[in-house]
Each structure stands twice: as C-alpha cells, then as structure tokens.
Amino acid sequence: MIKKNTVLWFIALSMAILLTDSNLYAKEVNVYSSRKDHLIRPLFEAYEKETGVRIRYITGSEAMLFQKIKSEGKNTPADMLITVDAGNLWNAAKKGLLQPVQSQILNRNIPDHLRDDNNQWFGLSIRARTIVYRNDRVKPSELSTYENLGNPKWKGKLCLRTSKKVYNQSLVAMFIAQYGEEKTESLIKSWVSNLSISPLSSDNEVIEEIGAGNCEIGIINSYYYGRFMRKYEAHAFPLALFWPNQGENQSGVHVNISGAGITKYSKNKKEAIKLLEWLSSTKAQNLFADSNMEYPVNADVKPHEFVQKWGNFRQNVINVAKAGELQKSAVMLMDRVGYR
Amino acid sequence: MGFYLKFFPGGWRIAVFSVAMLVAVPVLVIFYSLLVPTDDVWDHLVNNVLNNLLINTFWLVLGVSIITSVIGVSLAWITATCDFPARAFFSWALLLPLAMPAYVLAFVFIVLLNFSGPVQSTLRMWIPPEYFWFPNARSTWGVVTVMSLALYPYVYLIVRNGFITQGMRTIEAAQSLGFDRRQGFFKIILPMVRPWIAGGLMLVIMETLADFGAVSIFNFDTFTTAIYKSWFGFFSIDAAAQLSSILVIFVFIVIIVEQRMRAKMRYSQTGRGGSSVQLFKLNGVLRWTLFGYSSSVLLIAFIIPCIQLIIWTLNVIEHEFTSRYYELLTNSLMLGILASLLTCILALIISYAKRHHPDKPTGFLVKISTLGYAMPGTILAVGIFIPTAYVDNLLIALSMQWFQIERGPLLQGTLLVMVFAFMVRFMAVGFNSIDSSMHRITKNIDEAARGMGIKGFNMLRRIHIPILKSGILTAATLVFLDVMKEMPITLMTRPFGWDSLSVKIYELTSEGEWERAALPSITLVLAGLIPIFLLMRKSDKL
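What counts and how
Residues numbered from 1 in each chain as written. Chains lettered and ligands numbered in written order. Predicted model: local features only at pLDDT ≥ 70, side-chain atom pairs only at ≥ 80, totals over all residues. Helix = DSSP H or I, 4+ residues; strand = E, 2+ residues; numbered from the N terminus. Rg over C-alpha atoms; globule rule 2.2 N^0.38 Å. Contact = placed C-beta atoms within 7 Å. Buried ≥ 20, exposed ≤ 12 C-beta atoms within 10 Å, placed from the backbone. Pairing = 2+ DSSP bridges. Right-handed = clockwise from strand over helix to strand, strands pointing away. pLDDT = per-residue confidence, 0-100. Nonpolar A, V, L, I, M, F, W, Y, C, P; charged D, E, K, R; others polar. Core = buried A, V, L, I, M, F, W, Y, C linked by C-beta atoms within 7 Å. Domains from an automatic or database assignment. Expected span 1.5 Å × (residues − 1). Axes fitted to C-alpha atoms, helices over the stretch in contact; angles between N-to-C directions. Parallel < 35°, antiparallel > 145°, perpendicular 65-115°, else oblique. Left-handed = near helix turned anticlockwise from the far one by under 90°.

Right, let's talk about the overall build of chain A for a bit. Helix and strand counts for chain A stand at 14 helices and 10 strands. The C-alpha radius of gyration computed for chain A amounts to 22 Å, which stays within 12% of the reference 20 Å derived for 340 residues, consistent with globular compactness. With the C-alpha coordinates aligned to their principal axes, the bounding extent of chain A is approximately 70 × 60 × 45 Å. When contacts within chain A are restricted to residue pairs at least 6 apart in sequence, long-range pairs at least 24 apart make up 78% of them.

Looking now at the overall build of chain B. A count of helical and extended segments in chain B gives 24 helices and zero strands. Against the compact-globule benchmark of 24 Å for 542 residues, chain B has a radius of gyration of 24 Å, which places it among compact chains. With the C-alpha coordinates of chain B rotated into their principal frame, the extents come out at 80 × 75 × 50 Å. A buried classification covers 50% of the 542 residues belonging to chain B. Restricting the contact set of chain B to residue pairs at least 6 apart, pairs at least 24 apart contribute 84%.

Consecutive side chains of a regular strand alternate in pointing toward one face of the sheet and then the other. Residue and element names in this part refer to chain A. Inspection of the sheet shows strand E1 (residues 28–33) paired to strand E2 (residues 54–59) by six bridges, in the parallel sense. Its bridge partner being in E2, Glu-28 is matched across the sheet by Arg-54. For the segment spanning E1, helix H2 (residues 37–51) and E2, crossover handedness is right-handed.

Our next topic: the confidence of the model for chain B. Residue and element names in this part refer to chain B. When pLDDT is averaged across chain B, the result is 83; 92% of the residues are at 70 or more. At the low end of the mean pLDDT range in chain B sits helix H1 (residues 2–7), at 45; at the high end sits helix H4 (residues 50–81), at 93. Every residue in residues 1–8 scores below 50 in pLDDT, and together they form 12 contacts with partners more than four places removed in sequence or on other chains. Considering only residues more than four positions removed or in separate chains, one finds that residues 269–275, a stretch of pLDDT under 50, has 10 contacts. Here the predicted complex carries an ipTM of 0.81, next to a pTM of 0.85.

The backbone of Asn-119 of chain A sits at a positive phi, close to 60°, despite the residue not being glycine. Looking at where Asn-119 of chain A falls in the secondary structure, it is placed in the loop between helix H5 (104–109) and strand E5 (122–134). Residue classification places Asn-119 of chain A among the partly exposed positions, given that 18 C-beta atoms sit within 10 Å. Backbone geometry places Phe-235 of chain B, a non-glycine residue, at a positive phi of 50°. Residue position: Phe-235 of chain B is located in the loop between helix H13 (223–233) and helix H14 (237–263). On the basis of neighbour count, Phe-235 of chain B is assigned to the buried category, with 24 C-beta atoms found within 10 Å.

In this section: the interface of chain A and chain B. Much of the literature gives interface size as the accessible area that the parts lose upon coming together. Taken together, the 48 residues of chain A in the interface contact 47 residues of chain B. Elements that contribute at least two residues to the side of chain A that touches chain B include exactly helix H1 (2–20), E2, helix H3 (62–72), helix H8 (203–212) and helix H14 (327–336) of chain A. Top contributing element to the side of chain A that touches chain B by residue count: H1 of chain A, with seven residues. Residues of the side of chain A that touches chain B, tallied by class, amount to 15 nonpolar, 19 polar and 14 charged.

Residue and element names in this part refer to chain B. Buried residues dominate H13, accounting for 11 of its 11 residues. All buried positions along H13 are accounted for by Phe-223, Thr-224, Thr-225, Ala-226, Ile-227, Tyr-228, Lys-229, Ser-230, Trp-231, Phe-232 and Gly-233. Just beyond H13, the residue with positive phi is Phe-235, at close to 50°.

In terms of nonpolar packing, the biggest core is built from 265 residues, with Met-80 and Leu-81 of chain A together with Ala-106 of chain B touching the most fellow members. By residue number, the principal contributor to this core is helix H19 (residues 415–438) of chain B, which donates 17 residues. Mapping this core onto the domain boundaries places at least three of its residues in each of domain 1 (27–126 + 255–308) and domain 2 (128–254 + 321–336) of chain A. Apart from the residues within four sequence positions on either side, Leu-81 of chain A is in contact with Tyr-32, Leu-65, Ile-69, Ala-92, Leu-97, Leu-98, Ala-260, Gly-261 and Thr-263 of chain A.

This brings us to the domain arrangement of chain A. Residue and element names in this part refer to chain A. Domain annotation of chain A identifies domain 1 (27–126 + 255–308) and domain 2 (128–254 + 321–336). Placing the centre of domain 1 and that of domain 2 at their C-alpha centroids yields a distance of 27 Å. Between domain 1 and domain 2, the contact holds 18 residues from the first and 17 residues from the second. At the level of elements, helix H4 (86–94), strand E9 (254–263) and helix H12 (305–308) are the ones that each hand at least two residues to the side of domain 1 that touches domain 2. When residues in the side of domain 1 that touches domain 2 are grouped by element, the largest group, six residues, is from H4.

With 12 residues, helix H10 (residues 269–280) of chain A should cover 16 Å at 1.5 Å per step; its first-to-last C-alpha distance of 17 Å lies within 8% of that length. When H10 of chain A is considered as a whole, its buried residues turn out to be Glu-271, Ala-272, Ile-273, Leu-275, Leu-276, Leu-279 and Ser-280 of chain A.

With that out of the way, let us pick up the packing of helix H7 (residues 181–194) of chain A against H14 of chain A. Residue and element names in this part refer to chain A. Contact geometry of H7 with H14 gives a least axis separation of 10 Å together with a crossing angle of 45°. Between H7 and H14, the angle falls in the class oblique. Considering the relative orientation of H7 and H14, their crossing is right-handed. Residues Glu-181, Thr-184, Glu-185 and Ile-188 of H7 touch H14, and the partners they reach there are Ser-329, Leu-333, Met-334 and Arg-336. Taken together, the residues of the contact of H7 with H14 break down into three nonpolar, two polar and three charged.

Now for the pairing of strand E3 (residues 80–84) of chain A. Residues and elements named next belong to chain A. The element E3 is extensively covered by neighbouring structure, given that five of its five residues are classed as buried. Residues Met-80, Ile-82 and Val-84 line one face of E3 and the alternating positions Leu-81 and Thr-83 line the opposite face, and both faces are buried. When E1 meets E3, the two strands line up parallel, connected through three bridges. What sits directly across from Val-31, in E3, is Met-80. Two strands pair when backbone bridges link them, and E3 and E9 are joined in this way by five bridges, in the antiparallel orientation. Note that in E9 the partner of Ile-82 across the bridge is Ala-260.

Turning next to the environment of Ile-337 of chain B. All names here are of chain B. Structurally, the position occupied by Ile-337 is in helix H16 (residues 324–356). Of the residues examined, Ile-337 has 18 C-beta atoms within 10 Å and is grouped as partly exposed. Ile-337 sits 144 residues away from Leu-481 along the chain, and the two C-alpha atoms are 9.5 Å apart.

As structure tokens, then:
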C-alpha cells in the first residue's frame, strides 16, 4: 500500500541525509553562534573568499548552544563559540566548554578588560548600554548617572526592558560589583518605582514607547537607537542618547561585548584561532562592529561615521567577566525587588 | 490489520509499547532531574517568584479555556447547523487562524494596540482626551485574547467534526422528542459532543502551558517563564528540568481526569450523519448577526493581522527578500510533511492498539506517548539532545575501538533526529484527532463487515480508512502546521547551516525587529494555508 512505500521512502531519505552530513573537509571551521545570522554571514563570506577556508555555522540561543556543546562532549563538531554578552562567555568558560588561547595578536588587538583573564574568550565588539531620552521634554543637564534614574523626579517617566534580558542582568551585576548588593538593591528598587509602564520585552519597544511619549527616559544598547533613528530618518523623532557616569570619580558607561572562544575539544584549533585573530584585525573589525552599529574592540579602528556622531564616552573598565560571576545574584536581586 | 493480529496476538501491545518507550525517553531524561537535589535557584524561585507565576498561569489557562470553548463551540455549531450568509465560506475560513503562530499574532497585536498604534490613534481623533481610556494591551487580558484567538481553531475544528459526525439526525430526534432548539442544544447536543470539546480543549491547554513565544512578547510571567529563567538566567538546567517535570505531572493528572470523564460516556452514531440534513432556517436579523459574529472573529484573528504583516512586508521586501527565502520555505514545508507523516502513522498504531486492548497498561502507555506536547519545546529539545549525543558518543567510541575508524557524529544534526523530536512533541495533536474518529468505528461496524466476508487488510482499506479519513487528515494538518510554527526544537536540533522560516522569525523577533519579521511570518502563514485548503476540500466531501 501507499503507506508502506512512504515509510520506506521516508527511511531511505533520512538515511541518505544522515550519511551525507558527516563528511569531513580538509580546511574548515565549525561555529556555533548566538550572534544573529545576518550579522555574522557577511564576515564569514569575506573570510571564505580571502582564505578558502570553509566556515559552517548554526545560530541559536546561548543556553541551548552551551548544552549542545556539553552533551556532544569530546565529539563536538564546534570549533568556535560566538556569543553576545560577557555573562554568557563567562558561563561558557566556567562550564569548561572553552580552552585558553595564547595569541599575541589577540592580546594586542583586544583591551584587557574585554577578554578573559585566562584567555578563554575574547571580546570582538563593544556594546554600550546607555540612557536614551526625549530631548523635547528632558534637558541633558537634568541627566547625570544611572543612579540618578531612581530619583523621584523621574516618577512615571522611566521605561525599562525586562529583567529577563541578559543585558540588564549584566548591567545590574556590574552595579553589584561596584556598590555591593545592598546599595544596588535600593537602586533597582528606585528604578522600579519610577517605571511608567511595566517592563517591555525588547530595547526597541523602550525606544518606541519613548518616541510615542509614554515615557521620557530609558536604558538601551546604543545600536538599537542607531537602527531606530536610521529607520525613521524622515520622522525626526525627538530622541537622543546620553552617556552617563562620565564625571571624574564616576565609573563610566556600562559596556558589554559580543565575543568568541575556541571550544575545548575543537578539531580544527589552528584554523579556528586564525579565524578569531582575523575577526579582531583592522580588516574585520569594521565589518563586525558596523554591521550592527556597535563599537570595535580594536583601538585602531574607528566606529562607523553614523555612530561617531553620538559623541565619545569613557567606558567602565572593570573586567566584563564580573557580569558573569554576579549574574545569578543580579537576577535574584531583580526578582526580589519585583523588577519583571 | 486484524490479519496480523491472528498471528501476533501481542502485536499491538508491542507496537504501542515501542512507540511509548521511544517517546518516553526524552520525557524520562527530564524527569531524571527530579532525582537531583534542588539547589539555591529552586529555593529562590519558590520564595520570590513562583507564587505570582502560578496565579498568572492559572488565569491564563482559565481565560484561554473559557474563551476558546465559547468561540470554538459556538462557531462550530452555527457553521454546522445554521443557515446564514456565506456559511460555507466561514466553515473553512474560520480555520485560517491555525496558520497564524501565536507569537506572530502577539507582536502584531502589541503594535496595533499600542499608544501610537492605529487603533488608539483613530479613537483619539474621535474621543476627547478627558474621556479617553484604553486598556493596556500588555496585560493579562491582552495575553488571554491573543492566545485565545490563536488557539480557538483547535476547539472549532474538532468540535465541528463532532457535530457533523454525530449527525444532524440526533438534533432532529431531539426536536421530535419535544425539545426546542435551545434545550436540544444544551441538553442533548452539548453533552454528546463533550469528548470532542474535551479533546480540543486539551490541546489548547497544553499549548497554552507550553507557550513561551507569545507570553515573552507580552513580558507576561507564567510557569514557562520560570523554566526559561532557571536555564537562561541562572544557567541551571536542573532547576529548569525539575520545573518542567512538575508541569508535565500536572498535565498528566489533567489528562487522566479528562479520560475518566470520557470513559463514562458511550457514544456511537448509527448511520452516517450527513450534510444532506436540512439546516436551521433563521430570520433575517439572526442570520446577519451570525454573519457579523463569524466575520468579526475572522477579521480580528486573521485578516487584520495579515493586512498588517503585508503592509510591513511591502516596506521591507526590497532589502529583505533574497533567494534564500525559497530555501527557508522548502525547508519548512519538508519538515512539516516528514514530521506529520511519521506522527500520523505512529498515532494510528497507538490508536489501534488502544482499541484492541482497552486495558489499563495500554491506556497508561498511550498517555505517556502524548506527554511531549505539554512540555515546553526548549526543554523537550534538551531531553532529546542528551540521549542522542549519548548514543552518538557511544557509536563513535565503538567505531574507534572495533574498526579504528574515526568518524563524526551519526545522529546529531540530522533531519532524522529533528523529525523524531517533532513526533515526540506533537504526538498528542495527531493522536487526539485520530482517536476521536476511531471511536466512530463501533464493534457493530466490524461485525457487520466480517459478516460480509471482509477481513484483515481489506477491513482496514474498505471500512476503517474511509471512516478515519477525516480524523487522519485533521491530524496531519494540525501536526504539519505545528511543526512549521515550532521554534525551539528546530533551533536546537537542526543541521549546520539549515534554517527554516520559524528560525528566521525567531532571530528577528528576539530583537524586536517586527517589521523585518513580517516577510517570513506572512510566508509561513501562506504556506500554512495549503494544508488547510486541502483539509477543508477533503473533509467537506465526507
């Protein structure tokens, strides 16, 4: 009967796919990435063209990719793990998924505070988490620090993204690193009491709500602002970025990274390190950062013109690894004060 | 198939046992976590968030159940029995929202109902600001509405099947017994289609409990949120698995209760109820009211969101459309077809086994096989991934040891594992619809057929398949659509460089890029229409 044929056909097809997939190529690098497909594809294509090395990759969320590498163990096909947020990279290293890499090139190209002490992971682009405000209702002189957003004068004017997003977890973790739990808890509590609407599910919505006038200030990664302003160039939304904590004794703007490391059981370690070094080079850094309006980690490389217009800022130079170390405490703290 | 039975009396039981075991592996891997001692993450969740989550989850499930049953049953009833304008059109069109994933509907609604969205902007033009009030869409009612609109078709489809198969003659009989239309509906028809309502509602509840996409767009905290938080925020897969196990146990209890209720009822229609039966004639006002009701549901749940998606797509299509979309589309379609084939075949086997062995052990195995549906896809993906990786590592070690051959993983990153994962996840969908129609094959039918000398394979082909056809078609369609819409399992188990439409949507929506997500979304919706059309064309002929 037809049914029987379909089953046979189905099995044959599966087997065919099953067998063709396990071929090994001479020169290739396999990448697991939580950085989005459209951001890494152009880079990989450029590298393939330049070197002839084949790059295969899959994207997915961090926790999933980590679990994948962990269950695959020694036989993992992954050579490199690319992910966003230092907290995630720290966790990958802690779970023993990565291996130390000694490379003069990487050490030279990437500042100390943006890579792991044991060289297990390396930042490849900087993402600044900063303040966005409505410049028709708020004067920049009224703004100063992250802490200031808890001031009662902002009651009903603040919009935040959900605490479930790792960017906020890292931000709060960095506060804990600087101020300790107690002070951070009262700070976050003051933020929550200033919220105009309950926390939103994306940075984009924070910007949109400010644009719509439902709130006046918020915290976002600068590239979301860039995307929004570019998309609505014609609308001229009254929105601007503010770089907080720039005073002399203040910490500087909270920065996070997207970065990468070589997996512990990489089979193409040499090629993978070459790719990693290339990603930190002047040649690739612009492509890496500009594609998403982020900041390059390599000091020799300038950010995109459009990004330069937002002005210069001093960044917080505490090692971003703290974000991982204190992520759990940060999530618990936000749960306690009712920051959803 | 009775033919096989004679030679292998235990055949069915072995079949159902193997399927149940296969499905049970991932579920058991997750359950294993219950043996791991709880950590501080667990304590933290229990002390600080769980209370609130349980209340939220309760309201969500209750709200969605009530709304989907009211909408689903009423629409099924009027399209099956009442004569009103465009009835034939609505009977299939009301299924269209099946093609619309809840997470897509969620982001479209948020944007439409935003302060700056078209609905509020228009209202503000008409209503002076001092009287103007608009409920916040990012609230319990918002989530409940969106989930209900996305899920009511499950109830509608299955209950409508019930009305049609249970036959209009029953209604006529009720009238001849002196019940008026309303009494007939509430006293006779509704109790009679209860198994169908329960079957549809079961799917709705499981889908609601396992949903993460839509609730996260609303930032609405449910039990699933805690599971994700444990894993993604605390990196504690154990706590995540423990929470999932509790969720599954809860669902298991619901299933048992539901089946107890079902077991008390006997229902088999003699003769075939058909569309040849006269529809209720209604007066003009009522006819147009029904028309208005049906069209508003269709408008809100499907047409308006589609228009919004199309508008966005037109804005971005220049930059977004590449030839890759063909690949994404074919991948999605192929995955849907393979998974629904496998699921339906196995669901049919299980359903037969249950029919031949209506005993407790078989019943238990059947329930085990449908549990994957209640588990959030992400967690189930882990449950599938761990054993697959284990088998792979074992095979690699063995091939080294015995043949000194070094080779890569055999199973991981293959479509086989993906399709298997989907089978585990959506077995309940396939099984529920097939099993509902299996109830229609009574012992009388079998005996009559046997009396006419039809047996074995012929019985299956000539008697059973025609009766089961609509159930199988429904099952295949639902599984196909579910697979195409599914995100976490696809993300976790797919091969290198293999993307589907839902993966694309995930990438874009997780960054709030709704406008750019419109193109893959509308493509997914349109692709989903194909099986719905097929289903409606075929099932109308029955």
